[in-house]
Amino acid sequence: MEADVEDAGGDVQALTLLLCGDSSGMAKLACLSGLSTPAIHRLVRYLGPFQANTRPSHPGQTLDVHRLDVARGLVTGAACLLANWPTNLHTRIDELRADAPESPSVRRTFDPLYRVLYDALQEAEFRFLRDAFEDYLHVHWWGLICKRNRRLRPETANGHPRLSLPQMAKAARVPPSVVRHMVQAELVPSNSAELRSGRRARSIHLSELQGIQSATDGARSLEETARMLSLPRRRVRELIMGGLLTPLVSRQINKDAAAWLIPKMEIDRLHVQTIQAPDDSDSIPARDILKYWRLEKYESVALIAALVDGRLPAQGDRQSKVPVGKALLCAVGAKEWLLRHRSHARKDFSVDTAARELGIKQQVAYDLVRLGILHSTTVGVLGHRVSPDDVERFQATYVSLASLASQARRSPRALLAELSASPVCGPSIDGTRQYFYRRTEVESL
């Protein structure tokens, strides 16, 4: 490996030429210009072992350093880290992070490099190394940097862009349960690692703050939503389960949620535009239809969906929108629609309900629908609908890596490396959060 070395004075050049024995790769390493010769010797001794695909356990304690080949290797390793400053160093730090066990601790993740930077080379003249390391943390470190990291610069800890869930909730001025639910529902991306206690530490990037504020601005509780839509709370719950109303926080999804929270834009979507009604028409409010007509399961959701789509026109003055509960319908037209609906009754699911039927996460189900692996049809305002036949067809055709690993009593990662069959989707293929295989290909193995 050719070393890129720095023209930083006669002593640096002489040391490089003596240990490397080759000046053809000399380049300028401005970061060494202020170091004395003994300091450069220390830097080479401690940084030299951090070469590609290595994680030295005791850097600075290399045996036989008096031998020319060993000394040449140390200088080459150090010169490669310092060349193209600080890109090469950041690349090596990234390799150490990828190779380390999952941990929210900066010290444990980047050990032994952390010990070298903050213990072995703690003098002020090596500050440029620590600055480059902390710049990497600011951009790439997934976790939190708290006050326990006393050796880091105060601005590194205070200006780190990742926040805990309570910190993000405080910044967005919403209850912590709202942020926790949005993370669990995968509405907000986050990173996590398991602590020794078994709990998981989570962090959210500061760039997600605006999205959380936009989503929660004007959000209402279940009672307020029912009042704004002029519907009983029971009917609002049916709309949520039917996929016509999507809450930010739902007790049916998040059992420990303190309250329901429904975005204002979702509530506004269930206000319908009216049309001019004939003078002789017999009108009835949608709320009374829901209350007195003995609708079967899911028919109330279908009725409101038809209202929002315009398939059932709401009568009024044409000048304003009204909540679905107060929308006036032609009684004869509503009865005709109901008879047609019952004759062509759809026994389908929302994507969320299909996900529960399949035992997978909501986001995974949406990814499968997007890829066409889980077949669906689009039904007006209800969006994508999945039939029971589609669910059965998917279960008969595909199997997840997690299911295969559970049956084989193996870890998914180990089984993924051993299977010769190619998955149809997965994180490394198209970004889907789970790997799925065709059952015929797996069974043939």
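Asks: Outline the packing of helix 18 (residues 351–358) against helix 19 (residues 362–371), supporting the account with residue identities and numerical values.
Replies: Closest axis-to-axis distance for the helix 18/helix 19 pair is 9 Å, and the angle between their directions is 110 degrees. Judged by the angle between their axes, helix 18 and helix 19 are roughly perpendicular. Residue-level inspection shows V351, D352 and A355 of helix 18 in contact with helix 19, the latter providing Q362, A365, Y366 and V369. The class makeup of the residues in the contact of helix 18 with helix 19 is 5 nonpolar, 1 polar and 1 charged.

Asks: Hey, could you go over the pairing of strand 11 (residues 383–386) for me, with residue numbers and the actual values?
Replies: As judged from the 2 bridges shared by strand 9 (residues 349–350) and strand 11, these two strands associate in the antiparallel manner. Note that in strand 11 the partner of F349 across the bridge is V386. Pairing analysis gives 3 bridges linking strand 10 (residues 377–379) to strand 11, with the strands arranged antiparallel. Counterpart to T377 in the pairing with strand 11 is R385.

Asks: An account of the layout of surface pockets is requested, with residue identities and associated values reported.
Replies: The calculated volume of the largest pocket comes to roughly 1200 Å³. In this structure, the largest pocket is lined by 30 residues; those nearest its centre are E102, S190, S192, R200 and R433. Going through the elements one at a time, helix 4 (87–99), helix 10 (176–184), strand 2 (191–194), strand 3 (200–205), helix 21 (401–408) and helix 22 (412–418) are the ones with two or more residues in the lining of the largest pocket. Counted by class, the lining of the largest pocket contains 15 nonpolar, 7 polar and 8 charged residues.

Asks: Give me the lowdown on the sheet that holds strand 9, citing residues and values where you can.
Replies: Pairing is antiparallel in the open sheet, where 3 strands are placed in the order 9-11-10. Edge positions in the sheet fall to strand 9 and strand 10, since each of these pairs with one other strand and no more.

Asks: Just give me the short version of the sheet that holds strand 1 (residues 162–163), but keep the residues and values in it.
Replies: Sheet architecture is open: 3 strands sit in the order 1-3-2, paired in antiparallel fashion. Of all strands in the sheet, those bounded by a partner on one side alone are strand 1 and strand 2. In this structure, strand 1 lies alongside strand 3, joined through 2 bridges in antiparallel fashion. By the bridge assignment for strand 3, R162 is matched with H205.

Asks: Give a detailed account of the pattern of salt bridges, specifying residues and quantitative values.
Replies: For the coordinates displayed, the defined rule picks out 22 salt bridges. Close ionic contact of R127 with D131 constitutes a salt bridge, the shortest N to O distance being 2.9 Å. With a gap of 4 residues between them, R127 and D131 both fall in helix 7 (residues 127–140), about one helical turn apart. Owing to a relative accessible area of 25%, R127 belongs among the partly exposed residues under this scheme. Owing to a relative accessible area of 22%, D131 belongs among the partly exposed residues under this scheme. One salt bridge connects R153 with D135, and the closest N-O pair in it is separated by 3.4 Å.

Asks: Report on the environment of D352, specifying residues and quantitative values.
Replies: With respect to the helices and strands, the residue D352 is situated in helix 18. A sequence separation of 109 residues divides D352 from G243, and the C-alpha atoms of the two residues are 7.4 Å apart. Setting aside residues no more than four positions away along its own chain, D352 makes contact with Q362 and Y366. A distance of 3.1 Å separates the side chain of D352 from the side chain of Y366, its partner in a polar contact.

Asks: Kindly report on helix 4, identifying the contributing residues and their values.
Replies: Relative to the 18 Å expected for 13 residues at 1.5 Å per residue, helix 4 spans 19 Å between its end C-alpha atoms, a close match to the ideal helical length. Within the span of helix 4, buried status applies to L89, H90, R92, I93 and L96. With its buried residues spanning 160 degrees around the axis, helix 4 presents them on a single face. Among the exposed residues of helix 4, those oriented more than 90 degrees off its buried face are A98 and D99.

Asks: For the confidence of the model for the protein, give the residues involved together with the corresponding values.
Replies: Per-chain confidence: the protein averages 83 in pLDDT, with 88% of residues scoring 70 or above. pLDDT under 50 marks residues 1–15. Its contacts with residues more than four places away, or in other chains, come to 38 contacts. Within the model, the stretch residues 17–28 combines pLDDT values under 50 with 26 contacts to residues more than four positions away or in other chains.

Asks: Could you give me a rundown of the packing of aromatic side chains, with the residues and numbers involved?
Replies: Here the distance between the centres and the angle between the planes together describe a pair of aromatic rings. Scanning all chains against the criterion turns up 10 aromatic pairs. On the numbers, 6.1 Å between centres and 70 degrees between planes, the contact of Y118 with F133 is edge-to-face. Taken together, the residues Y118 in helix 6 (residues 113–120) and F133 in helix 7 connect sequence positions 15 residues apart. Cluster of aromatic residues (ring-pair linked, three or more members): F110, Y114, Y118, F133, Y136, W141 and W142.

Definitions and limits used
Residues numbered from 1 in each chain as written. Predicted model: local features only at pLDDT ≥ 70, side-chain atom pairs only at ≥ 80, totals over all residues. Heavy atoms only, no water. Axes fitted to C-alpha atoms, helices over the stretch in contact; angles between N-to-C directions. Helix = DSSP H or I, 4+ residues; strand = E, 2+ residues; numbered from the N terminus. Parallel < 35°, antiparallel > 145°, perpendicular 65-115°, else oblique. Contact = heavy atoms within 4.5 Å. Nonpolar A, V, L, I, M, F, W, Y, C, P; charged D, E, K, R; others polar. Pairing = 2+ DSSP bridges. 1 Å grid on protein atoms, 1.4 Å probe; cavity = no way out; pocket = protein on both sides within 12 Å on 5 of 7 lines; lining within 4 Å. Points joined across faces, edges and corners; volume = space filled by probe spheres on them. Salt bridge = Lys/Arg side-chain N within 4 Å of Asp/Glu carboxyl O. Buried < 20%, exposed > 50% of the residue type's maximum accessible area, 1.4 Å probe, protein only. Polar contact = N/O pair within 3.5 Å; in protein donor to acceptor, adjacent residues only side chain to side chain. Expected span 1.5 Å × (residues − 1). Arc of directions from axis to C-beta. pLDDT = per-residue confidence, 0-100. Phe/Tyr/Trp six-rings, centres within 6.5 Å; stacked < 30°, edge-to-face > 60°.

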